[in-house]
Amino acid sequence: MLSEELASRGHEVTIAAPTGQLSERARAAGRRLPGLRVDDGFRFRPPSRAVSFARDTARMIRLLRGGRFDVVDVHGSQDTWVTVAARLRLRRPGCLVLTRHNTKRVRTGWPNRLLYGRLIDHLIVVDASVKALYQAYFDDGTLDPAAVAVVPSAYRAEIFHPGVDGAGVRRELQVPEGAWVLGVAGRLVPDKGHIHLMRAAAALRARGRRVLLVFAGMGPGEEDLRRQAASLGLAGDVRFLGFRSDVAQVMAALDVSVLPSVGCDASSATIKEAMAVGVPVVASDIGGARFLIDDGRTGLVVPPGDEPALASAVERLMTGPGRARAMAAAAQDEVARRFSVSRLADETLAAYQAALEGRGAARRAAAGRAAAVRREGRPA
C-alpha cells in the first residue's frame, strides 16, 4: 500500500522481498507505476542460516550500490540484519529506518542496543503501545524518543468499503437459520486467540445462542484447533476456510468480526477492514485496539483471554441489533477518516524527512568535532 502510494506521488521505490503473492502483486502494480520496482530474489532467513544470510547480504550490497537510495525502510528481523551488514560494508549509504509492527518484547541484549543506538537512524512504530516497549532504551539513553515516530497502518479502501457484498459467502457457508456468524481473519497461530473464541462460543451455545464460527487463514495451529473444536462439541459449527482471495467478501458475510488475540497485534488490519465493510467488531485489549476502537461507540474491547467477557460482548451485539448497526456505522465513518493510505504516506514521509535531517545533523556534528581536533593539531 505504502509503496504504491509513494510511487504514484512521483517517488522512486524498490521493494526487496522474497518471491510470493505480495511481490507478484507489487510487480503488477509496477507495470502501471514506472517508479515502483521489485527485487524478489531475497530469502531473508535468520542470520543463523549463514549461507543464505551471506547471499542476501551480497544481493543487498549490489542493490544499495546501484540504487543510490535516500532511505531504506526495513520491517522485520531478517531484512534488518541483512541490510545492516550490507550498509556496514558500504559505509552506511543513505538513511536506515526500521518500522516495527508488533507488540513482542524488545530484547535488551547488546545486539539490539547496538542496532537501535548506532545502526539505525529512525524508528517507526505503528502504535504508542509499541513505542512504550522501548522505555528501557529511552531511560538509559540508547534511543532518543525524538527519533521514534508513531505511524498507524492503513487499510485498502478500494477492497474494503461499504459496498462489499457478503451474501455469496453466506450462501457458501450455508448459515443455519437464526445463527450468528462470528469470524476471525488471520493466521492460525496461538497468538491470535482462536481457542478463546471457540470457548466463548461454547458458553454461548450453552445459553441457547446459535453461532457459526468462521476462520479465514492458514497456519500451523489448524490441526490443534480442529481437535479443540471437536472436544468442545463445535466440530459442525466451525468452518476453516483456509487462504481466501475474497477476504473482503468473507468479512462482509460476518455478523461480528472478532479479534481474540492474546499477543502480537499492534495496529490490527482486520479491525480496520471489518469497520470499513460495516461489520461490528469485538477485539481483545491488545496493542492499539483501544486506539482503533472507541469502546462502546465504534466497537467493543475486552480483556485478552477473558472468555466470559468475550462471550458477553458478542451476546450484547447479538441481542441488540440496533446497537450493533449504530456501532458499525460510526466505525465505518471513522476508519475512512483516520486510516487512509494517503494519511499513511504523509506521516511516513514526515518520518523519513526527520530521519534524513537527523542523520544530516549527526554528520555535521561529527565533521565539526573532526575539524576541531585538526585545529588543535591532533589526528582527526
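Source: prediction; values computed, not measured. (Residues numbered from 1 in each chain as written. Predicted model: local features only at pLDDT ≥ 70, side-chain atom pairs only at ≥ 80, totals over all residues. Heavy atoms only, no water.)

**Q** Looking at this structure, I do not really get helix α9 (residues 194-206). What am I missing?
**A** For an α-helix, the turn length of 3.6 residues means that residues three or four places apart are oriented alike. Across its 13 residues, α9 extends 19 Å between first and last C-alpha, which sits within 8% of the 18 Å expected from 1.5 Å per residue. Looking only at α9, the buried set comprises His 194, Ile 195, His 196, Leu 197, Met 198, Ala 200, Ala 201 and Leu 204. Along its buried surface, α9 packs onto β7 (180-185), β8 (211-216), α10 (222-231), β9 (238-242), β10 (256-259) and α14 (307-318). (Helix = DSSP H or I, 4+ residues; strand = E, 2+ residues; numbered from the N terminus. Expected span 1.5 Å × (residues − 1). Buried < 20%, exposed > 50% of the residue type's maximum accessible area, 1.4 Å probe, protein only. Contact = heavy atoms within 4.5 Å.)

**Q** Where do I start with the sheet that holds β8 in this structure?
**A** One key point about sheets: their strands pair by backbone hydrogen bonds, in either a parallel or an antiparallel sense. Read across the sheet, six strands follow the order β9-β8-β7-β10-β11-β12 without closing on themselves; strand pairing throughout is parallel. Every other strand in the sheet has two partners, leaving β9 and β12 (300-302) as the edge strands with one partner each. This sheet shows a mean twist of 20° between the axes of neighbouring strands, independent of strand direction. Pairing of β7 with β10, which is carried by two bridges, proceeds in the parallel orientation. Pairing of Gly 183 across the sheet is with Ser 257, part of β10. Together, β7, β8, β10, β11 (281-284) and β12 form the strand contacts of α14, whose direction differs from that of β12 by roughly 165°. (Pairing = 2+ DSSP bridges. Axes fitted to C-alpha atoms, helices over the stretch in contact; angles between N-to-C directions.)

**Q** Before we go on, may I ask you to explain the packing of helix α4 (residues 77-89) against helix α5 (residues 110-119) in this structure?
**A** Each pair of packed helices can be described by the angle between their axes along with the distance between the axes. The N-to-C vectors of α4 and α5 enclose an angle of 60°; their axes lie 13 Å apart at closest approach. Taken together, α4 and α5 sit at an angle that is classed as oblique. Of the two elements, α4 crosses α5, and the hand of that crossing is left-handed. Counted together, Thr 80, Trp 81, Val 84, Arg 87 and Leu 88 of α4 and Pro 111, Asn 112, Leu 115 and Leu 119 of α5 form the full contact between these two elements. (Parallel < 35°, antiparallel > 145°, perpendicular 65-115°, else oblique. Left-handed = near helix turned anticlockwise from the far one by under 90°.)

**Q** Is there a simple way to explain the pairing of β10 in this structure?
**A** Two faces, one strand: in a regular strand the side chains alternate between the faces of the sheet. Residues Val 256 and Val 258 point to one face of β10 and Ser 257 and Leu 259 to the other, with burial holding for every one of them. Relative to β11, β10 is paired through three bridges, and the arrangement is parallel. Each residue of the ladder has a partner; that of Val 258, found in β11, is Val 282. In the classification by handedness, the crossover that spans β10, the intervening helix α12 (residues 269-277) and the parallel β11 is right-handed. (Right-handed = clockwise from strand over helix to strand, strands pointing away.)

**Q** What is the right way to look at the packing of α9 against α10 in this model?
**A** It is the contact of α9 with α10, at a shortest axis distance of 10 Å, that shows an interaxial angle of 15°. Regarding the angle of α9 to α10, the classification is roughly parallel. You can see that α9 and α10 cross each other, and the crossing is right-handed. Where α9 abuts α10, its residues His 194, Ile 195 and Met 198 lie against Leu 225, Gln 228 and Ala 229. For the contact of α9 with α10, the residue count by class is four nonpolar, two polar and no charged. (Nonpolar A, V, L, I, M, F, W, Y, C, P; charged D, E, K, R; others polar.)

**Q** It is not clear to me how the side chain of Thr 298 should be interpreted in this structure. Could you clarify?
**A** Position of Thr 298 among the secondary structure elements: in the loop between α13 (289-292) and β12. In terms of polar contacts, Thr 298 uses its side chain to reach the backbone amide nitrogen of Asp 294, at 2.8 Å. (Polar contact = N/O pair within 3.5 Å; in protein donor to acceptor, adjacent residues only side chain to side chain.)

**Q** When you look at the pattern of salt bridges in this model, what are you seeing that I'm missing?
**A** When charged atoms on two side chains of opposite charge get close, those side chains can pair. Counted according to the given criterion, the structure contains 29 salt bridges. In this structure, the salt-bridge partner of Asp 346 is Arg 9, at a minimum N-O distance of 2.7 Å. Taken together, the positions of Asp 346 in helix α16 (residues 341-375) and Arg 9 in the loop between α1 (2-8) and β1 (13-16) put the pair 337 residues apart, joining distant regions of the chain. Looking at Asp 346, the relative accessible area reads 42%, which means it is partly exposed. Put simply, Arg 205 and Asp 237 hold a salt bridge, and the shortest N to O gap is 3.3 Å. Note that Arg 205 is positioned in helix α9 and Asp 237 in the loop between α10 and β9, a separation of 32 residues in sequence. Owing to a relative accessible area of 11%, Asp 237 belongs among the buried residues under this scheme. Each of the salt bridges in this network shares a partner with another, and the network as a whole consists of Glu 4, Arg 32, Arg 156 and Glu 158. (Salt bridge = Lys/Arg side-chain N within 4 Å of Asp/Glu carboxyl O.)

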